[in-house]
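# Breakdown of the fold
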2 protein chains.
Amino acid sequence: MTQRRIAELAGVSQTTVSLVLNNRVNATGRIAKETRDRVMEVIRATTYVADPAARRLAGGENQILGVFTYEAAFPHETVDFYTPLLTGIESAAETMGCDLLMFTSAPVVNGRRQIFHQNNRLAFADGCILLGLEMDTEDLRRLVVGGYSFVAIGRRSTPGVPYVGVDYVSSTKELVRRALQLGHRRFFYLERDSRGESVLDRRAGFREGVAGFRNAQHTFYTVSGKGLSEAWKAIIAFGPTVLFLESEDHSAALLKLAAEAGYSVPGDLSIIVLGDPPRSGTTDIDFTRLSAPREDLGAGAVKLLTKIIASKERIPDSELRVLLNCRFVPGSTLAAPKNERAAQ
Amino acid sequence: MTQRRIAELAGVSQTTVSLVLNNRVNATGRIAKETRDRVMEVIRATTYVADPAARRLAGGENQILGVFTYEAAFPHETVDFYTPLLTGIESAAETMGCDLLMFTSAPVVNGRRQIFHQNNRLAFADGCILLGLEMDTEDLRRLVVGGYSFVAIGRRSTPGVPYVGVDYVSSTKELVRRALQLGHRRFFYLERDSRGESVLDRRAGFREGVAGFRNAQHTFYTVSGKGLSEAWKAIIAFGPTVLFLESEDHSAALLKLAAEAGYSVPGDLSIIVLGDPPRSGTTDIDFTRLSAPREDLGAGAVKLLTKIIASKERIPDSELRVLLNCRFVPGSTLAAPKNERAAQ
DNA sequence: TACCGTCGCTAATGCGTATTATCGGATGGT
DNA sequence: ACCATCCGATAATACGCATTAGCGACGGTA
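As the structure is a prediction and not an experimental result, all values here were calculated from the model.

Before going further, it helps to examine the relation of the copies chain A and chain B. Expressed as a screw transformation, the operator carrying chain A onto chain B has a rotation angle of 180° and an axial translation of 0.0 Å, and the superposed copies differ by an RMSD of 0.1 Å. Such a turn and shift between the copies fits a two-fold axis.

Below is the structure:
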């Protein structure tokens, strides 16, 4: 069933059918209400739907948003990271009347999917949302110079990349301030083995937080591989009153190590997690932590992307770079350090 | 960047570029290796990718599989149902080199998405996978008569509908046999308020299981709305030794009701759940239950769909209707009834 | 030399839609 | 009576690709 067939049935030209379908009422291409109704009636009767491929080829938008994830989106290991984002994306896409094209066909190299490959279907979508803890800078650059409409989730320092991210700098800084106010003076910051923007932001916020407090000591330690017991040794050696964990993955294991070593939390040691626990509700301990508004991130990315697609003129950089506030979860693993409590 | 541009750069015709790209080596359309290499070199240098819309319009497949869910796929309430299915679908799609088009734009009527609507993008995909506990028979029929390639997940009794489902009949029957062997003679079957194929199959299996055992009593009871306490009264009145729950949603609540009434499980009452618990690992009780192989279902649907798309001649009905075996989880809520234990 | 088959490639065409240019007729003003 | 507008609709075209028919060159055979 094509427009031509509809046209035959209604006794008009294919052009007229197209004009009716798209509600074109310009000076060029005016259709009498009578004719319009007749065509619409035929369309209803035949349940005709325009071929999206042809529509796309002829230059129209097609209300399809691409979604690219650097890893598989649904498996259990990553479900807690991707699912809330996808929930937000799906919800917003539904509101905007968009379908979602998930680029699952991307070949996997070194455990990561490759955006650009033979027969990639990027051009099918009006634009694309990129998800992943870390992204390939080269990919981003190529998308930018290609003039492709896209939005990254998470802050990206690559020039010209539109994104919706989380303001980890302010949030982390604020957490450090709280710890300082409670009396903490020895800070241990445990880094995950990554140099993605989101962790760099946490580190920057941490530095800003402790800056200027001469009597506060702090140290950084990077977890490489799975040597968490090594990390614990370093922690004991430093003797902090509060522990900042960059990776939520370390939280449960470290809590166990602390318990084995006879440390109570937060009695002997406060723990602050700069991210969400792997499965909310699974761990028994309610960590004091930051919680990224993931559904809002996903929905925000869709809104930004559709704005980019719709607007023909350039959008000012300030609007292309969105930072959302992080939620703070009070939890139960942050308290005043022991000497402070004794003093009280 | 189009094939025409590539052709200019390589000093050949657009036809040649197309032939090279698609590796056509028929009698008509033979390209010298030398020419082929030259074209390939230009393609590599320009990172050209064929426009999928044009390719589709020209009659080719485009390696895109549609995914339709009757409800939003990602929200928390349904995540445990859809996510494993999507995991399987994604994994299989990745293997087959297919992208997934999620039809999120479908308008929602009465809480359910409508497949057919103005500007639906069904035709974009080579075929489509349908997900949902219950499906609209009219939709299915329309897809069948339209000659559209699709696969439903879950058994469907509508004629001509290809599906990958679960053999709930055999599995449920087998569970009844186990209960009988343990000595159970009074069966209470709690129905959810649904007449979908999958619950009908469970009921059929249950009936088959108890059939022929004259000394075994059983009764059915349908939970309407949220009257679970009413259901519990009915259960007490009947005095069963074993309870079959059609809906996993009732399991935790019923366990609580039983505890409040002083019944121990499985001491005074065995409970068998004919489905997966809402969140594996969340509930403390490990129910004796059936577990649908959801990832296999998803992957199986993708495989069947790609087979349907690829094959030009009709596929025999037997291959279009696939039933997978259900996993049995022993759990800890099924034991011999009290009188039997006393006798032992 | 005439004929035929094969090789290597290209011109032409169609897919279904959106858009532009154009066209015949009606209407109105001078 | 004539020109200018406006109205309602259509023919023609482009989008980028895949496919079919066919063309010129070349070599072998009769």
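Having seen the model, we can carry on.
We now examine the sheet that holds strand E6 (residues 150-153) of chain B. What the 12 strands build is an open sheet, ordered E13(A)-E7(A)-E6(A)-E5(A)-E1(A)-E2(A)-E2(B)-E1(B)-E5(B)-E6(B)-E7(B)-E13(B); its pairing is mixed. Two strands bound the open sheet, and with one partner strand each, they are strand E13 (321-324) of chain A together with strand E13 (321-324) of chain B. Taken pair by pair, the neighbouring strands of this sheet meet at an average axis angle of 20°, ignoring direction.

We now examine the protein's contact with DNA strand D. Close to DNA strand D lie 31 residues; A:Ser13, A:Thr16, A:Thr35, B:Gln3 and B:Ala58 are nearest. Element by element, the count of residues in the surface near DNA strand D is highest for helix H2 (residues 14-21) of chain B, at 4 residues. Of the residues assigned to the surface near DNA strand D, the class counts are 12 nonpolar, 15 polar and 4 charged.

What follows concerns the pairing of strand E6 (residues 150-153) of chain A. All names here are of chain A. Across the two faces of E6 the burial is the same, with Phe 150 and Ala 152 and Val 151 and Ile 153 all buried. Inspection of the sheet shows strand E5 (residues 127-131) paired to E6 by 3 bridges, in the parallel sense. Bridge pairing links Cys 128 to Phe 150 in E6. Viewed along the sheet, the connection from E5 through helix H6 (residues 137-145) into E6 turns out right-handed. Strand direction decides the pairing type here: E6 and strand E7 (residues 163-166), joined by 2 bridges, are parallel. Bridged to Ala 152 within E7 is Tyr 163.

Another point: the protein's contact with DNA strand C. The environment of DNA strand C is made up of 33 residues, and the closest members are A:Gln3, A:Ala58, B:Thr16, B:Ala32 and B:Thr35. Of all the secondary-structure elements, those providing two or more residues to the surface near DNA strand C are helix H1 (3-10), helix H2 (14-21) and helix H4 (52-57) of chain A together with H2 of chain B. Among the elements that take part in the surface near DNA strand C, H2(A) stands out by supplying 5 residues, more than any other.

What follows is about the packing of helix H7 (residues 168-182) of chain B against helix H8 (residues 197-210) of chain B. Residue and element names in this part refer to chain B. Between H7 and H8, the least distance of the axes is 7 Å, while the angle of their chain directions is 40°. Judged by the angle between their axes, H7 and H8 are oblique. Judged by the twist between their axes, the crossing of H7 over H8 is right-handed. In this structure, H7 uses Tyr 168, Val 169, Ser 170, Ser 171, Thr 172, Lys 173, Val 176 and Arg 177 to contact H8, whose residues at the interface are Ser 198, Asp 201, Arg 202, Ala 204, Gly 205, Phe 206, Glu 208, Gly 209 and Val 210.

Geometrically, the link from A:Val265 to A:Pro266 is a cis peptide bond, its omega value of 5° lying close to zero. By secondary structure assignment, the location of A:Pro266 is in the loop between helix H10 (249-260) and strand E11 (270-273). The phi torsion at B:Asn110 lies on the positive side, around 55°, for a residue other than glycine. Its location among the elements puts B:Asn110 in the loop between strand E3 (108-109) and strand E4 (112-113).

Attention now goes to the sheet that holds strand E8 (residues 186-191) of chain A. All names here are of chain A. Spatially, E9-E8-E10-E11-E12-E14 is the arrangement adopted by the 6 strands of the open sheet, whose pairing is mixed. Two strands bound the open sheet, and with one partner strand each, they are strand E9 (217-222) and strand E14 (327-329). Along the sheet, successive strands turn relative to each other by an average axial angle of 15°, direction set aside. Strand direction decides the pairing type here: E8 and E9, joined by 6 bridges, are parallel. Bridge pairing links Arg 186 to Gln 217 in E9. Relative to the sheet, helix H7 (residues 168-182) contacts strand E10 (242-245), E11, strand E12 (288-291) and E14, its axis offset from that of E11 by approximately 170°.

Another point: helix H3 (residues 33-46) of chain B. Under the 1.5 Å per step criterion, the end-to-end length of H3(B) is 20 Å for 14 residues, consistent within 8% with the ideal 20 Å. Immediately beyond the C-terminal end of H3(B), within one or two residues, lies B:Thr47, with a positive phi of roughly 50°.

The next subject is the interface of chain A and chain B. Contacts between the two partners involve 41 residues from chain A and, on the opposite side, 41 residues from chain B. Among the secondary structure elements, those contributing two or more residues to the side of chain A that touches chain B are H4, helix H5 (76-96) and strand E2 (99-102) of chain A. Per-element accounting of the side of chain A that touches chain B gives the leading share, 8 residues, to H5(A). Strand direction decides the pairing type here: E2(A) and strand E2 (residues 99-102) of chain B, joined by 3 bridges, are antiparallel. Among the inter-strand pairings, A:Leu101 is bridged to a residue of E2(B), identified as B:Leu101.

Let us look at the domain arrangement of chain A. Here chain A is described as being made up of domain 1 (3-50), domain 2 (64-166 + 295-326) and domain 3 (168-291 + 328-343). When each unit is reduced to the centre of its C-alpha atoms, the spacing between domain 1 of chain A and domain 2 of chain A is 36 Å.

Residues and elements named next belong to chain A. Two elements in contact, H1 and H2, have axes whose closest approach is 8 Å; the angle formed by their N-to-C orientations is 105°. When the axis of H1 is compared with that of H2, the two are roughly perpendicular. Contact with H1, carried on its side by Gln 3, Arg 4, Ile 6 and Ala 7, involves Gln 14, Thr 16, Val 17 and Ser 18 of H2 and no other residues of that element. Tallied by class, the residues present in the contact of H1 with H2 amount to 3 nonpolar, 4 polar and 1 charged.

The rules we used
- Residues numbered from 1 in each chain as written.
- Chains lettered and ligands numbered in written order.
- Predicted model: local features only at pLDDT ≥ 70, side-chain atom pairs only at ≥ 80, totals over all residues.
- Least-squares fit on C-alpha atoms with pLDDT ≥ 70 in both.
- Pairing = 2+ DSSP bridges.
- Helix = DSSP H or I, 4+ residues; strand = E, 2+ residues; numbered from the N terminus.
- Axes fitted to C-alpha atoms, helices over the stretch in contact; angles between N-to-C directions.
- Near = placed C-beta within 6 Å.
- Nonpolar A, V, L, I, M, F, W, Y, C, P; charged D, E, K, R; others polar.
- Buried ≥ 20, exposed ≤ 12 C-beta atoms within 10 Å, placed from the backbone.
- Right-handed = clockwise from strand over helix to strand, strands pointing away.
- Parallel < 35°, antiparallel > 145°, perpendicular 65-115°, else oblique.
- Left-handed = near helix turned anticlockwise from the far one by under 90°.
- Contact = placed C-beta atoms within 7 Å.
- Expected span 1.5 Å × (residues − 1).
- Domains from an automatic or database assignment.

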